[in-house]
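Listed below are the residues making up each chain.
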Amino acid sequence: MEFLSPATWEEALAAKSARPDAVPIMGGTDVMVELNFDRRRPAALLDLTRVPELREWAPDGDRLRLGAGVPYAVIVDRLADRAPALALASRAVASPQIRNRGSVGGNLGGASPAGDAHPPLLATDAVVELASVRGVRRVPAREFYLGPRRTARSDDELIAAVLLPAPAGPQQFAKIGTRNAMVIAVASFALALDAGRRSAGTGIGSAGPTPLRAPEAEEFLAAEFDWAGGRPPSPAVAQEFGALVAAAARPIDDVRGSAAYRRHALSVLARRTLGWAAADYRREMAACG
Amino acid sequence: MTTPTPRTPVPVHSPREAPSPVHSPREAPPSPASSTPGGVGSSPRRPDGTLKVTGEFAYSSDMWMDDMLWGATLRSPHPHARIRGIDVTGAVRMPGVHAVLTHEDVPGEKRYGLEYRDQPVLAFGKVRYRGEPVAIVAADHPETARRALDRVRVDYEVLEPVSDPVRAAFDPDCPLVHEAGEDLPPAHPAHHRSGNRVRYQPVRTGAFADGATAAEVRALADVVVTGEYQVGMQDQAFLGPESGLAVPAEDGGVDLHIATQWLHVDQSQIAPCLGLPPEKVRLTLAGVGGAFGAREDMSMQVHACMLALRTGRPVKIVYNREESFHGHVHRHPARLRYEHGATRDGRLVYATAEIVLDGGAYASTTAAVVGVASSLGLGPYEIPHARVDAYGVYTTNPPCGAMRGFGAVQACFCYESQLDRLAAELGLHPVELRIRNAMSEGSRTATGQRVDMPLPMADMLRRAREMPMPPERAAAGPVDVRALPGGVANTSRGEGVRRGVGYGVGLKNLCFSEGFDDYSTARVRLEVVGGEPAVQVHTAAAEVGQGLVTIKGQIARTELGVERVTVLPSDTRVGSAGSSSASRQSYMTGGAVRAACLAVRARVFELVRAAGLVGDDHPDELLGLAGGKVVSGARGVLVSLADLLGASAVEETREFRHRATEMLDPTTGQGASHTQFGMCVHRAVVDVDVDLGLVKVVALDAVQDVGRVLHPQQLAGQIQGGSAQGLGLALMEEIQVSGSVIRNPSFTDYLIPTILDVPPMRIEVLEHPDPHAPYGLRGAGEPPTLSSTPAIVAAVRAATGRPLSRIPVRPEDIVGIERD
């Protein structure tokens, strides 16, 4: 197995172009597990840990450009105000050691439907920045996930960053696991309200072949939410929102949980996160008024 | 040749006291403080503690020799298949490969087994579980060895798996896992072995002994509760995978450095397979990264030795995590049916139990597990009429054997669930019902054995009930999600969360049972080193993390009055210590060390007399050892050990046995089969998110009688650890097996509790000495593993109203969604 270790982003892109079969590795929290369990024997590894840009974050217009290699721990500690849902999801990732190494780029590269970062990226309409020697292109997260572990990234491309819109309202993330820490999601859900556009974004994790949105739930909520006052949603509205989120899922039975439980849990998480988001919404309105 | 890993003797001197988290109530007889610092009753630091905490301790997987080869194991991909042929040609031809061996290369006996020799060293004829070793490879690099495995061609004729243990137990048409004519050794005649049954053990008392039917006995009760229960397959989940290093020796033998629970029983199985006399198979204990029963059976021992002897090079084998899940036995999953009848005032009249334990492909300790499950199947209750039928069966599921609690765990979950249901029927508090039927000293168990040691069960239950409750959850104010079900995953701010309280108590046999000649050996040497008296303690006992290494030093200090004690590495140069299991090592090896120390002391006193230091004026003078000196009760210091011994040493070796036990009668199940009984009571308080089925254990408090505390801090560790393992079984730990295949062989999906799942524990320790045991002690490691599980499940039931008859309890079970 070849081990490529570029020192600059340009070298990394050149290396990926020359060896499209090279597997990028950063924190190694997914890739090394696969190698150690002998599930994968890549012809080459492309080590990105020496590329400094990947660990940087900065404003990009009114969005936040988050380097693909920024560890979850940094997102939790430094970016909770600029990326609330992603920070909540990052806090739910694995253990402190893994959060020090793992990054959103790794989640996007592996594209496991259980990745904790995906639902917030979908809910907040984040954009994935892909780069190759051919140039840079920006793909909305909502168009990024194509199939089971299949994404819009081409073989010669590397994931450079994600662009996170400035929060325009409350964001929430919640995840089910059968222990109280260090657990792969059985199901997860993210919700983002946009007060300016009067729209709602959703993201569903671990309940389908890819991370999913619940478009009908989004439209329903955009129409039913009290954008003027943030009144607590009626039980009927909350119930229907939960049902629409559950209906959007395409879960299976596996060792982590049954499809029926996943749907049920998603409906509960959708109702609860909606209630919390509405309360946050009222609080923000009170603070502004 | 370089020596594998530093294994210098671990010095145990300069003990420092650690704070004790154990509350010992004043009424209990206080531990007599040892006059020697670091002696029995104090909490000296573990000699290996700092190395382990700082990551410098050498575990068995860390061993290294410059010229060593790496072994790897080819495992069956099928749970049940006939082997039509094995072709190793492609593997042998690979550069870097030094040996490829199959069953044809086993030099001696082709099978081994802990109690019953039915397990092939390498499969021949059939494979009986997925992951069964079929061929082994030694190569100069672990990756080369793994790739060579891919080139071994095995021609399998796939057979239908035998996956259902109930069918295996009762259906005469069920295919046999071990077919007739396989030339297996004869089974114990009392085990009722037949078909796929490894052992069947009935127990009958009262009217059942006279042949009464359940219907007849049922008529004696006012209230009857019945229940069917299921216990999933729990894994010991030790962190240090199976590993060892075999080094060929010049005498044609082999030196094996191995993580195990019992060096001598490994030796007695390895030597016949290698066709060597036992003295040519020498074992030294390597650093053990946890055991909990999973290292009682062998894994790679014979394989590494075969490869080392074949290649003439040291061979190291280390399983990876996935392989480890296939490479050791698990706790027997069980299907159980119970019926209890009581009078209106809450007196148990009768109880019946049918227990089917899935032993998987090979016998391992299944017969002994059946012995425990049957004899303790109804728990610590006085029941006039009892009927138990316990079965251990072969299937093509993963082999099951020893795990902390050993057959008593499965039963305890059921009889405690039954007591709770009965209490609800009778309108009694669950503790009150238990107290009304509690056993005590002088009671007889269901096997007719008289409890001839203190058993303050009623008092323990009262204490558990009276312990302070954790504070109620705040109704308002800021929420710390870590304190709620779901934890950092942010699933609730209090929505759907309900609190429940539950109790559990269990009875566990300690030390080996059923007539086993159970003993341990210790060699103790006293000499003068650098002008100071020093003691060496040498045993073959396995330190598996439990802290025996500390206990041995404490006993030597207390008995010989010498602070400087060195515990030598455990190996087979000294006699067997028996297994580090059954909560027995403090009792057995502690007893052996004590006996050897007393023999050394007697020799020292002979020297004192020979030196004329005890004059004719003081013929009955009481002598003692303290502060490195010989002292007389009447006259104070007589002589220092340094002066008395000079350049000579005093060394004694002693074997220690506990009292004899009996086999259970094969028809009535009567007999004094157990050495000692241990008991723990738990009270669990849980918060349950009833909408999502998630649980947060808020409190898991315990009362345990240990007879005598040897090391308060280590004792607390045992009680906390046992309770946490019971919590895991209650809420998350399960090897999921379908079609005889393990579906979650990783710590990604086999979940063990984290620090956010296990609450701080309040522990109350009682010390009612067992008159039969050294220092009056009672083994402490297992009882908490029994009682914490039913206490937690009872608390979840109280919070949810769900019946919950299966463990581990899954979120689906709590919210009421069917699964499977």
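Since the structure is predicted, the reported quantities are computational estimates derived from the model, not experimental observations.

Here is what the cut-offs are and how they apply
- Residues numbered from 1 in each chain as written.
- Chains lettered and ligands numbered in written order.
- Predicted model: local features only at pLDDT ≥ 70, side-chain atom pairs only at ≥ 80, totals over all residues.
- Heavy atoms only, no water.
- Helix = DSSP H or I, 4+ residues; strand = E, 2+ residues; numbered from the N terminus.
- Rg over C-alpha atoms; globule rule 2.2 N^0.38 Å.
- Buried < 20%, exposed > 50% of the residue type's maximum accessible area, 1.4 Å probe, protein only.
- Contact = heavy atoms within 4.5 Å.
- Areas by Shrake-Rupley, 256 points an atom, 1.4 Å probe, with all protein chains shown as cover.
- Salt bridge = Lys/Arg side-chain N within 4 Å of Asp/Glu carboxyl O.
- Patch = residues over 30% accessible without salt bridge, like charges linked within 9 Å, V, L, I, M, F, W, Y side chains within 5 Å.
- Lys, Arg positive; Asp, Glu negative; His and termini not counted.
- Charge placed at Lys NZ, Arg CZ, Asp CG, Glu CD.
- Pairing = 2+ DSSP bridges.
- Axes fitted to C-alpha atoms, helices over the stretch in contact; angles between N-to-C directions.
- Buried area = accessible area lost by both parts, 1.4 Å probe.
- Nonpolar A, V, L, I, M, F, W, Y, C, P; charged D, E, K, R; others polar.
- Expected span 1.5 Å × (residues − 1).
- Parallel < 35°, antiparallel > 145°, perpendicular 65-115°, else oblique.
- Left-handed = near helix turned anticlockwise from the far one by under 90°.
- Core = buried A, V, L, I, M, F, W, Y, C linked by side-chain atoms within 4.5 Å.

Visitor: Explanation requested: the overall build of chain B in the structure shown.
Guide: Scanning chain B from N- to C-terminus turns up 19 helices and 34 strands. Against the compact-globule benchmark of 28 Å for 820 residues, chain B has a radius of gyration of 27 Å, which places it among compact chains. Dimensions along the principal axes, computed over C-alpha positions, put chain B at roughly 75 × 75 × 65 Å. Here chain B, with 820 residues, has 64% of them falling under the buried criterion. At a minimum sequence separation of 6, the contacts of chain B that also span at least 24 residues come to 80%. Accessible surface for chain B amounts to roughly 28600 Å². Of this, 50% is attributable to carbon and sulfur atoms.

Visitor: Can you help me understand the pattern of salt bridges in this one?
Guide: Where charged atoms from two side chains of opposite charge come close, those side chains can pair. If you walk through the whole model with that rule in mind, you get 67 salt bridges over all chains. A salt bridge links B:R657 to B:D517; its shortest N-O distance comes to 2.8 Å. Pair noted here: B:R657 is in strand β28 (residues 650-657) and B:D517 is in the loop between β21 (497-510) and β22 (519-529), with a separation of 140 residues, a long-range link. Exposure remark for B:R657: the relative accessible area of 40% places this residue in the partly exposed category. A relative accessible area of 45% means that B:D517 is categorised as partly exposed. One network of salt bridges, in which partners are shared, links A:D38, A:R41, B:E143, B:R146, B:R147 and B:D150.

Visitor: Could you clarify how one ought to interpret a negative patch on the surface in this entry?
Guide: Negative charge collects at one region of the surface, where A:E10, A:E11, A:E53 and A:E56 lie side by side. Judged by relative accessible area, which is 55%, A:E10 ranks as exposed.

Visitor: I keep staring at the pairing of strand β12 (residues 243-248) of chain B and nothing clicks. Help me out?
Guide: Every regular strand shows the same layout, with side chains that alternate between the two sheet faces. All names here are of chain B. Of all six residues making up β12, six are buried, and the element is well covered by its neighbours. Burial along β12 is two-sided: S243, L245 and V247 and G244, A246 and P248, pointing in opposite directions, are all buried. In this structure, β12 lies alongside strand β15 (residues 315-318), joined through four bridges in antiparallel fashion. Looking at the pairing, G244 lines up with I317 of β15. Joining the antiparallel neighbours β12 and strand β13 (residues 254-258) is a turn of five residues, in which G252 adopts a positive phi near 85 degrees.

Visitor: Teacher, can you tell me more about unusual backbone geometry here?
Guide: A negative phi holds for most residues other than glycine; trans holds for most peptide bonds. Cis geometry marks the peptide bond from B:I807 to B:P808, where omega comes out at -5 degrees. You can see B:P808 is positioned in the loop between β34 (806-807) and α19 (811-815). With phi around 50 degrees, A:M182 is a residue other than glycine that occupies positive phi space. Secondary-structure assignment places A:M182 in the loop between β11 (171-176) and β12 (187-194). Although it is not a glycine, B:C511 sits at a positive phi angle of roughly 75 degrees. Assignment of secondary structure puts B:C511 in the loop between β21 and β22. By relative accessible area, which is 1% here, B:C511 ends up buried.

Visitor: What's the story with the sheet that holds strand β5 (residues 63-67) of chain A in this structure? I'm lost.
Guide: Residues and elements named next belong to chain A. Overall, antiparallel pairing links the five strands, which are arranged β4-β5-β10-β6-β7 in an open sheet. Each edge of the open sheet carries a strand with a single partner, namely β4 (57-60) and β7 (135-140). Neighbour to neighbour, the strand axes of the sheet diverge by 25 degrees on average, direction disregarded. Bridge count between β4 and β5: four bridges; the pairing is antiparallel. In the strand pairing of β5, A58 is matched with R65. With respect to the sheet, helix α1 (residues 9-18) is in contact with β6 (127-132) and β10 (158-165), its orientation differing from that of β10 by roughly 120 degrees.

Visitor: Would you take a moment to explain the interface of chain B and chain A for this structure?
Guide: How big an interface is tends to be reported as the loss of accessible area on association of its parts. Tallying the contact residues gives 45 residues for chain B and 34 residues for chain A. For the chain B face of the interface with chain A, the top three residues by lost area are B:V488, B:L692 and B:L751, together amounting to 16%. In this structure, the connection of chain B to chain A is made through six salt bridges. Among the secondary structure elements, those contributing two or more residues to the side of chain B that touches chain A are α3 (142-150), α9 (321-327), β30 (694-705) and α19 of chain B. Within the side of chain B that touches chain A, the residues separate by chemical class into 16 nonpolar, twelve polar and 17 charged.

Visitor: What is the right way to look at helix α7 (residues 263-274) of chain B in this model?
Guide: An α-helix turns once per 3.6 residues; consequently, residues spaced three or four apart project the same way. All names here are of chain B. Across its twelve residues, α7 extends 16 Å between first and last C-alpha, which sits within 8% of the 16 Å expected from 1.5 Å per residue. Counting buried residues along α7, ten of its twelve residues qualify, which places the element largely inside the surrounding structure. Within α7 the residues assigned to the buried category are L263, H264, V265, D266, Q267, Q269, I270, A271, C273 and L274. Among the structural elements, β5 (111-112), β13, β14 (281-285) and α8 (301-311) are those in contact with the buried residues of α7.

Visitor: What is the right way to look at the sheet that holds strand β3 (residues 44-47) of chain A in this model?
Guide: Residue and element names in this part refer to chain A. Ordered in space as β1-β3-β2, the three strands form an open sheet in which the pairing is parallel. Of all the strands in the sheet, just β1 (2-4) and β2 (23-25) have a single pairing partner and so form its edges. Recorded for the sheet is a direction-independent mean angle of 25 degrees between the axes of neighbouring strands. Here three bridges tie β1 to β3, and the two strands are oriented parallel to one another. What sits directly across from F3, in β3, is L45.

Visitor: Which parts of the structure should I look at to understand the packing of helix α9 (residues 235-248) of chain A against helix α10 (residues 259-288) of chain A?
Guide: In a packed pair of helices, the relevant descriptors are the angle between the two axes and the axis-to-axis distance. Residues and elements named next belong to chain A. Interaxial distance between α9 and α10 falls to 8 Å at its minimum, and their mutual angle equals 135 degrees. By the angle between their axes, α9 is oblique relative to α10. Crossing geometry of α9 relative to α10 is assigned as right-handed. Every residue of α10 that contacts α9 at A238, Q239, F241, G242, A243, V245, A246 and A247 is listed here: R263, L266, S267, A270, R271 and L274. When grouped by side-chain class, the residues that make up the contact of α9 with α10 number nine nonpolar, three polar and two charged.

Visitor: What am I meant to see in the nonpolar core here?
Guide: Soluble globular proteins tend to pack their nonpolar side chains together in the buried interior. Residues and elements named next belong to chain B. One finds Y338, I355, I792 and V796 to be the most contacted residues of the largest nonpolar core, which totals 98 residues. Per-element accounting of this core gives the leading share, eleven residues, to helix α11 (residues 408-426). Residues L101, V544, A556 and L641 belong to the second largest nonpolar core, which totals 81 residues.

That is the geometry; function is a separate question.
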